[in-house]
Amino acid sequence: MPASTPHGNPPLPRSRPAASVTRRGFLVLSGAATASAALAGRPLISPAVAAPVPSAGWFAEPGAAARPMVRWWWPDALVDPAEIRREVDQLADAGFGGAEIAAVHHSIADKSVLDPEGHGWGTPAWNAAVAAALDQAARRGLTIDLTIGPAWPAAVPTITPESEAACKELAYGSVAVAGGTTYRGPVPPPAVPGRAARTLLLVQAARVEPAHSTRDETGLDPASLRTVPVDGETVTWTAPGDGEWLLISYWQRGSGQRPESGPHTAPESYVVDHFSRAGTQAVIGFWESRLLTPAIRGLLKRAGGALFEDSIEIESDALPWTPELPAEFERRRGYPLTDVLPVVVLADEDPVFAFDPVLTRHARKDYWDTVSELFNEHHFTALRDWAHSLGLRLRAQPYGLQTDAIEAAAILDVPEGESLGFKNLDDYRCLAGGRDMAGREVLSCEAGAYAGGAYTTTWRKLLLTMGGAYAAGLNQTVLHGFSYASAPGAAWPGFAAFTPYGGSVGYSESWGPRQPTWEHVTDISRYFARIHLIMRQGVPRVDVAVFRQTGYTKTGIGATWFTGTGVPSGWTHQFVSGPLLGLPGARVTDGRLGRPAYKALFVEGDRFGGNECTMTLHVAERLLGFARAGLPIVLLGAWESASVPGVPRDGENDRLRALVADLLAEPTVRRIDSADEVPGALEALGVRPDVRYAAPSTLLTMRRVAGRVDYYYLCNGKHQENVKPPVTAIDHEVTLARTDRGGVPYLLDPWTGRAERIARYIEDGDAIRLRVTLRPGQARIVAVGRPGLFGDRTGKRPHATATTADLVRYEDGRLVVRATAPGTYTTTLSTGRTVTSRIGPLPEPAELRAWRLTVRDRRPDGERTHTLDLDGLAPWHDLPGLEDVSGVGTYAATVELDGPAYLELGEVTDTCRVRVNGRALDPVDLLHPVVDLGPHVKRGRNTIEVEVATPLGNRLRQSDPSVYGSLPRQPYGLLGPVRLVPYGEARI
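Now for a look at the structure at hand. In this text, all values refer to a predicted model and were calculated from it rather than measured experimentally.

1. Considering the overall build of the protein
Then step 1. Of regular secondary structure, the protein possesses 20 helices and 56 strands.
Then step 2. In terms of overall dimensions, the protein is globule-like: its C-alpha atoms have a radius of gyration of 31 Å, near the 30 Å expected for 988 residues.
Then step 3. Expressed as lengths along the three principal axes of its C-alpha atoms, the size of the protein is roughly 105 × 70 × 50 Å.
Then step 4. Among the 988 residues that make up the protein, the fraction classed as buried is 62%.
Then step 5. Intrachain contacts of the protein at a sequence separation of at least 6 include 78% that bridge at least 24 residues.
Then step 6. Roughly 34,400 Å² of accessible area belongs to the protein as shown, and the carbon and sulfur atoms make up 49% of that amount.
Then step 7. Each charge class in the protein can be summarised by its mean position, and for the 102 positive and 112 negative side chains these summaries are 9 Å apart.

2. Some words on the pattern of salt bridges
Then step 1. Scanning the model with the defined rule gives 72 salt bridges in all.
Then step 2. With its nearest N and O atoms 3.7 Å apart, the salt bridge here joins Glu61 to Arg526. Here Glu61 is found in the loop between helix H2 (56-60) and strand S1 (69-74), whereas its partner Arg526 is found in helix H14 (residues 521-534), with 465 residues between them in sequence.
Then step 3. You can call Arg526 partly exposed: its relative accessible area is 34%.
Then step 4. The salt bridge involving Arg671 is made with Asp673; its shortest N-O contact spans 2.7 Å.
Then step 5. Under the relative-accessibility criterion, Asp673 is labelled exposed at 56%.
Then step 6. Sharing partners across several salt bridges, the network here consists of Arg71, Glu100, Asp145, Asp310, Arg395, Glu416 and Glu446.

3. Focus on the sheet that holds strand S55 (residues 979-982)
Then step 1. Within the open sheet, the 4 strands sit side by side as S44-S55-S48-S52. Their pairing is antiparallel. Among the strands making up the open sheet, the edge pair consists of strand S44 (846-847) and strand S52 (930-932).
Then step 2. As paired elements, S44 and S55 share 2 bridges and run antiparallel to each other. The partner of Ala846 across the bridge, within S55, is Leu980.

4. Looking at the packing of helix H6 (residues 277-291) against helix H10 (residues 357-389)
Then step 1. Where H6 contacts H10, the axes come no closer than 9 Å and their chain directions differ by 30°. Looking at the two axes, H6 sits roughly parallel to H10. Seen from above, H6 lies across H10 with right-handed handedness. Contacts between H6 and H10 involve Arg277, Thr280, Val283, Ile284, Trp287 and Glu288 from the former and His378, His379, Ala382, Leu383 and Trp386 from the latter.

5. A short note on helix H12 (residues 425-437)
Then step 1. Relative to the 18 Å expected for 13 residues at 1.5 Å per residue, H12 spans 18 Å between its end C-alpha atoms, a close match to the ideal helical length.
Then step 2. Across the 13 residues of H12, 13 count as buried, placing the element largely inside the fold.
Then step 3. Structurally, the start of H12 carries an N-cap: the backbone nitrogen of Asp426 is 3.0 Å from a side-chain oxygen of Asn424.
Then step 4. Backbone geometry just downstream of H12 places Gly439 in the positive-phi region, at approximately 80°.

6. Let's talk about the pairing of strand S33 (residues 730-737)
Then step 1. With 6 of 8 residues buried, S33 lies mostly within the body of the structure.
Then step 2. Both strand S30 (residues 691-692) and S33 contribute to a ladder of 2 bridges, which runs antiparallel. From the neighbouring strand, Val691 faces S33, where its bridge partner is Leu736.
Then step 3. In this sheet, strand S37 (residues 767-774) lies alongside S33 in antiparallel orientation, the contact comprising 8 bridges. By the bridge assignment for S37, Thr735 is matched with Arg769.

7. Quick word on H10
Note: α-helices contain 3.6 residues per turn, so residues at a spacing of three or four share the same orientation.
Then step 1. Here H10 is 33 residues long and its end C-alpha atoms lie 47 Å apart, about the 48 Å a rise of 1.5 Å per residue gives.
Then step 2. The largest bend in H10 amounts to roughly 30° and is located at Asn376.
Then step 3. Downstream of H10 by one or two residues, Gly391 has phi in the positive range, about 80°.

8. Description of the side chain of Glu416
Then step 1. Structurally, Glu416 can be placed in strand S19 (residues 414-418).
Then step 2. With a relative accessible area of 0%, Glu416 lands in the buried category.
Then step 3. A polar contact is formed between the side chain of Glu416 and the side chain of Arg395, at a distance of 2.4 Å.
Then step 4. One polar contact links Glu416 to Gln397, side chain to side chain, over a distance of 2.9 Å.

9. Side note on the packing of aromatic side chains
For any pair of aromatic rings, geometry is given as the distance between the ring centres together with the angle between the planes.
Then step 1. Enumeration according to the criterion identifies 32 aromatic pairs in this entry.
Then step 2. Seen in terms of ring centroids, Tyr470 and Phe528 are 6.4 Å apart; in terms of plane orientation they differ by 50°. Their pairing is tilted. Taken as a pair, Tyr470 in helix H13 (residues 459-471) and Phe528 in helix H14 lie far apart in primary sequence, 58 residues in all. Exposure class is identical for Tyr470 and Phe528. Each is buried.
Then step 3. On the basis of an interplanar angle of 85° and a centroid distance of 5.0 Å, the ring pair of Trp561 and Phe562 is categorised as edge-to-face.
Then step 4. For Trp561, a relative accessible area of 13% puts it in the buried group.
Then step 5. An aromatic cluster is present here, built from Tyr470, Tyr527, Phe528, Tyr713 and Trp751 joined pairwise through their rings.
Then step 6. Over the face of the ring belonging to Tyr450 we find Lys461, whose NZ or CZ atom lies 4.2 Å from the ring centre.
Then step 7. Seen from the ring of Tyr983, Arg818 lies directly overhead, with NZ or CZ sitting 3.9 Å from the centre.

10. Details of the side chain of His520
Then step 1. Residue position: His520 is located in the loop between strand S21 (476-483) and H14.
Then step 2. Among the polar contacts listed, one links the side chain of His520 to the side chain of Thr911, at a separation of 2.7 Å.
Then step 3. There is a polar contact of 2.7 Å between the side chain of His520 and the side chain of Glu947.
Then step 4. Contacts of His520, omitting those with residues within four sequence positions, involve Thr911, Cys912, Arg913, Glu947, Val948 and Ala949.

11. What about the pairing of strand S47 (residues 887-897)?
Then step 1. Summarising burial for S47: 11 of the 11 residues are buried, a large majority.
Then step 2. Where strand S45 (residues 851-859) lies against S47, 6 bridges are found, and the strand directions are antiparallel. For Val855, the partnering residue across the bridge sits in S47 and is Gly889.
Then step 3. Two strands pair when backbone bridges link them, and S47 and strand S53 (residues 940-949) are joined in this way by 10 bridges, in the antiparallel orientation. Its bridge partner lying in S53, Ala892 is registered against Glu945.

12. Remarks on the sheet that holds strand S34 (residues 744-748)
Then step 1. Pairing within the open sheet is antiparallel, and its 6 strands lie in the order S22-S31-S32-S38-S34-S35. The sheet is open, and its two edges are formed by strand S22 (539-541) and strand S35 (755-757), each paired on a single side. This sheet shows a mean twist of 30° between the axes of neighbouring strands, independent of strand direction.
Then step 2. The strands that H14 touches are strand S31 (699-706), strand S32 (709-716), S34 and strand S38 (779-785); relative to S38, the one it contacts most, it runs at about 35°.

13. Here's the deal with the nonpolar core
Then step 1. With 218 residues, the main nonpolar core has Trp72, Trp74, Trp287, Leu903, Leu905 and Val946 as its most contacted residues.
Then step 2. The leading source of residues in this core is H10, at 10 residues.
Then step 3. With 53 residues, the next largest nonpolar core counts Ile406, Ala586, Phe602 and Leu656 among its residues.

14. A closer look at a negative patch on the surface
Then step 1. A contiguous patch of negative charge on the surface is contributed by Asp216, Glu315, Asp317, Asp348, Glu349 and Asp350.
Then step 2. Take Asp348: it is sitting in the loop between strand S15 (346-347) and strand S16 (350-351).

15. Notes on the environment of Thr123
Then step 1. Relative to the helices and strands, Thr123 resides in the loop between helix H4 (116-119) and helix H5 (124-140).
Then step 2. Separated by 142 residues in sequence, Thr123 and Thr265 have C-alpha atoms that sit 8.2 Å apart.
Then step 3. The contacts of Thr123, once residues within four sequence positions are left out, are Ala77, Pro116, Glu117 and Gly118.

Definitions and cut-offs
- Residues numbered from 1 in each chain as written.
- Predicted model: local features only at pLDDT ≥ 70, side-chain atom pairs only at ≥ 80, totals over all residues.
- Heavy atoms only, no water.
- Helix = DSSP H or I, 4+ residues; strand = E, 2+ residues; numbered from the N terminus.
- Rg over C-alpha atoms; globule rule 2.2 N^0.38 Å.
- Buried < 20%, exposed > 50% of the residue type's maximum accessible area, 1.4 Å probe, protein only.
- Contact = heavy atoms within 4.5 Å.
- Areas by Shrake-Rupley, 256 points an atom, 1.4 Å probe, with all protein chains shown as cover.
- Lys, Arg positive; Asp, Glu negative; His and termini not counted.
- Charge placed at Lys NZ, Arg CZ, Asp CG, Glu CD.
- Salt bridge = Lys/Arg side-chain N within 4 Å of Asp/Glu carboxyl O.
- Pairing = 2+ DSSP bridges.
- Axes fitted to C-alpha atoms, helices over the stretch in contact; angles between N-to-C directions.
- Parallel < 35°, antiparallel > 145°, perpendicular 65-115°, else oblique.
- Left-handed = near helix turned anticlockwise from the far one by under 90°.
- Expected span 1.5 Å × (residues − 1).
- Polar contact = N/O pair within 3.5 Å; in protein donor to acceptor, adjacent residues only side chain to side chain.
- Bend = angle between axes of the 7 residues up to and from the residue.
- Phe/Tyr/Trp six-rings, centres within 6.5 Å; stacked < 30°, edge-to-face > 60°.
- Lys NZ or Arg CZ within 6 Å of the ring centre and 35° of its normal.
- Core = buried A, V, L, I, M, F, W, Y, C linked by side-chain atoms within 4.5 Å.
- Patch = residues over 30% accessible without salt bridge, like charges linked within 9 Å, V, L, I, M, F, W, Y side chains within 5 Å.

Right under this line is the structure:
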């Protein structure tokens, strides 16, 4: 070999290599070992139904329904239909399957430039643009989702704050009256200012009870509560006896809430009442009369996806209200709302008055349960049924208020969470429980809305955020987001919905062609699509259902023992609330519950109600039925003294305790006093997780079963975004349950789209045991099914159960061992035979330091090219002329090779692709950028090119310093160290 190469890289000497890549395990390198090129151009197969015999092409190229979506932000209708069509093409070419159109323009300070009268949401201009989007989407095989109003929450321009259909609130006022004295004067006005138009609902009086007072709430004696007559808006009332009394007034009024960052319409839109039929009908009526033109109705049948509603951010400084609430409360709860009204009123989102703690807690529970029922019935159920009449689904984020989001997830066609607001994976597991018990398929996520992340967010960061969420049940990614190209006053690189934000760096990214990394985006979109595809196969399998008396989400509150200890031990769980237990699918079959086939039900105290052991009579009856049908149930706490969750009716608590006593007498039920007893109780009931490993791990898993094939998503992930200590690499054995006792494992690589038979594993009855090695955030998929899946022709040949080599794999049906160090290796086969293999001398690993770097610099005035010769890798901001450069850089080096090798890229910002001798290699795993060059190199001289694309932040620091000048320079480029690590192989 020559002593040097044209760019100064040394040849690879023939001596023992370092061991940095040794024993990376089957999930890291066996996927890279296959010599075949990446699959491309395969027919599209619908991901909604598993292939009868899953093929390599089926996994490599998922159909459009499994591909990720984007939030597509428009500056209202100030858009050009021709540009709209062009952007649909951009999304289709980039591998996305759909877009959600939203009128969002927080970055535009002067809204008048948008012309809400002529180009607002719902105008003819808006409809023309929507029609163009739908028509082009139909041509390109995409679907279009439409938000039900301008921005959020749902609003229409055909109502005023005083309209029946408008959002309402209940404000209180109060005045102190000493015992034995008379108050003459006006009814106390609202303590929280609001709209002038208001209606007096009621005046009450109650004696102050200091024993019930807290630091923030004035205690009242519930026995003293009485209604006070009024004359118009004047009251005369004498307080009885001694002590201090309060006169409390209640005023109903419109909240006047408008959708975010308006005006979007002329006249301006107002938020509808989400708890009444009238509010929902106002939305439907506006759509029917103004948005659903004959052309759009027809196009929705060709390219319509879903109606979408963002998180339910009903903003009120008083109590959320609807005029029918008093009547509905009494009908549903069995007593008048006026009996507890003082303790449910709010001021600036905080309670004001309190009775004794138990009564207060139960009264507030009754109020919010009633609101939740009205919301889910009158809003989500009605909207869903109407959407179906249009051929659409309903997708929504069913949280923001204290309502049962778990129940809502069962009502919606597509429940959705968000990576910004969800505090940990249990927030997703709440929605997943509702989806799966109701037999729905998709759980969606608004992904990547990072505060202050505009033009600095990397795809690697998004992957680290989202990896664990798929293990919690997520199977649709809606990227936040894709902005329309331009808007009045928008600076380079174009209109961005959320930046500038308040004059500074805004939320997340405006992904799209403006981003240098968009040149590599198909690698990312296919990665997401493959995960979505697998995560929609068959039915979910979850170990435990955790019963939640209060079905909130976006709280970060998990489950005792399971969240902190169970998940790191291999257990999986979801949350269910009371209404789910009444669904048709809530049946016990073969000792398992519902579609997810929960092996056990875990019940603890109400995490949102002082951990009180509480459940409704209906739930207790259902649990007793489940136990008698053979479902294992574990109850944590003093359930012998259980109470109903709201204010009890006569005898309710006695009836509940009798049911609980019967429940505890069942042989499939265990009651425990502490969380430490959970694993022992489950073991005693014969309940074991589907996935097992010896020591606590950061491995997160999700199992799906399609016929006789098991699919396992495996991710070395985080339960929450800022977990400490940080996740580190894992390398340990994992036992996976299998449906088919003769099933064999396959490794499915979501980056390359390849599927290959795993050559090393141990059979353990109804399970198999594998070695799993994953870097932080890295994910792989294991399928277990009969031989012959995914085009495999290995048949029933022996596999390895152990090896001292780095890995063992199948090649043309034969076992091959691989190692990065010369030596003699032993491999034990499933037949019991032990085989010895020898790998001869190998060159040492070599660090590649000398490169020719060519950078295409993205600038407001066009693209410029910089070329540098490097004798060492460094961030672009440390290289001459590249201090504030963003763009695409190509690093080229020429090396001499005697055989196959791994290319370790080290640190890269952000996306990258590799070419060898002019040939593009498979996509690079951005979370573990190690590339197998073996099938692509030749003996002698080889040219290696690494193309790296960056965010735009560094360039924007210089081009728009008033907004982005405060950003620190980011370390862009190939940072390395880059190493070539030779390896050898030997057939067994």
